[in-house]
Amino acid sequence: MKELVIRKAEEKDLPAILQIEEQCFSTPWSYESLYHDILENKLAFYLVGEMDGVVCGYMGIWNIVDEGHITNVAVAPMYRRRHIASMLLDEMLDICGKAGIKKFTLEVRYSNKAAQALYRGKGFTEAGLRKGYYEAEGEDAIIMWKGMEAE
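Calculation notes
Residues numbered from 1 in each chain as written. Predicted model: local features only at pLDDT ≥ 70, side-chain atom pairs only at ≥ 80, totals over all residues. Heavy atoms only, no water. Helix = DSSP H or I, 4+ residues; strand = E, 2+ residues; numbered from the N terminus. Rg over C-alpha atoms; globule rule 2.2 N^0.38 Å. Buried < 20%, exposed > 50% of the residue type's maximum accessible area, 1.4 Å probe, protein only. Contact = heavy atoms within 4.5 Å. Areas by Shrake-Rupley, 256 points an atom, 1.4 Å probe, with all protein chains shown as cover. Arc of directions from axis to C-beta. Pairing = 2+ DSSP bridges. Axes fitted to C-alpha atoms, helices over the stretch in contact; angles between N-to-C directions. Salt bridge = Lys/Arg side-chain N within 4 Å of Asp/Glu carboxyl O.

**Observations concerning the overall build of the chain**
Argument step 1. Counting secondary structure elements, the chain contains four helices and seven strands.
Argument step 2. Counting from the amino terminus, helix and strand elements in the chain follow one another as β-α-α-β-β-β-α-β-α-β-β.
Argument step 3. Relative to the compact-globule value of 15 Å for 151 residues, the chain shows a C-alpha radius of gyration of 15 Å, a close match.
Argument step 4. For the chain, the spread of C-alpha atoms along the principal axes amounts to about 40 × 35 × 35 Å.
Argument step 5. Buried residues in the chain amount to 45% of all 151 residues.
Argument step 6. Long-range pairs, those at least 24 residues apart, make up 58% of the contacts in the chain with a sequence separation of at least 6.
Argument step 7. Accessible surface for the chain amounts to roughly 8500 Å². Of this, 52% is attributable to carbon and sulfur atoms.

Below is the structure:
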């Protein structure tokens, strides 16, 4: 496997992130939403993973009080099954942990068993269900948490 470089997302990464977003999600975030979140939102932090200078995945998180809300984890289809999402998640959890964030949450599609397995493997547990969360398809989202056992 080529070496994966994980770094903070920059403005120059926006076209690649948008392309991955459109490839991976039925209701992708707009360029404007991504621009705002990556460059202007003081509560947001994004990482990209790249191989040979090509952005192949990204991840975003919002710091809400003392919790990390994972917004998106996505890997371009041609780069899947190389543990890129796992490495992005490990790096994000490490960075956030060093910054004092100890609890993390996310929503994941009920049908996305691969993502659920990834998150369980990183210590996330199911905490609830959001009915019809993904409006375009009416699909439910599973709410997962990591770090709640400390309370």
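Still to come is the rest of the account.
**What about helix H4 (residues 113–121)?**
Argument step 1. Those residues of H4 that sit buried are Ala115, Gln116 and Tyr119. The arc enclosing the buried residues of H4, seen along the axis, measures out at 100°, which places them on a common side. Set apart from the buried face of H4 by more than 90 degrees, the exposed residues are Ala114 and Gly121.
Argument step 2. A positive backbone phi angle near 95° is found at glycine 123, which sits one or two residues after H4.

**Things to note about the sheet that holds strand S3 (residues 54–64)**
Argument step 1. The sheet built from seven strands is open, its strands ordered S1-S2-S3-S4-S5-S7-S6 with mixed pairing. Two strands bound the open sheet, and with one partner strand each, they are strand S1 (5–8) and strand S6 (125–134). On average, adjacent strands in this sheet sit at an angle of 25° to one another, irrespective of strand direction.
Argument step 2. With three bridges joining them, strand S4 (residues 67–75) and strand S5 (residues 103–109) adopt parallel strand pairing. The residue of S5 that forms the bridge with glutamate 67 is lysine 103.
Argument step 3. Together, S1, strand S2 (44–51), S3, S4, S5 and strand S7 (139–146) form the strand contacts of helix H3 (residues 84–98), whose direction differs from that of S2 by roughly 140°.
Argument step 4. Lying on the sheet, H4 is in contact with S4, S5, S6 and S7; it crosses S5 at an angle near 165°.

**Section: the environment of arginine 80**
Argument step 1. Topologically, arginine 80 is positioned in the loop between S4 and H3.
Argument step 2. A sequence separation of 36 residues divides arginine 80 from alanine 44, and the C-alpha atoms of the two residues are 25 Å apart.
Argument step 3. Leaving out residues up to four positions away in the same chain, arginine 80 has contacts with Cys24 and Val75.

**Quick word on the pattern of salt bridges**
Argument step 1. One pass over the structure, following the stated rule, counts 13 salt bridges.
Argument step 2. The salt bridge involving glutamate 67 is made with lysine 103; its shortest N-O contact spans 3.8 Å. On the criterion of sequence distance, the pair formed by glutamate 67 in strand S4 and lysine 103 in strand S5 is long-range, its members being 36 residues apart.
Argument step 3. By relative accessible area, which is 25% here, glutamate 67 ends up partly exposed.
Argument step 4. One salt-bridge network, in which partners are shared between bridges, spans Arg7, Glu10, Lys12, Asp13 and Glu50.

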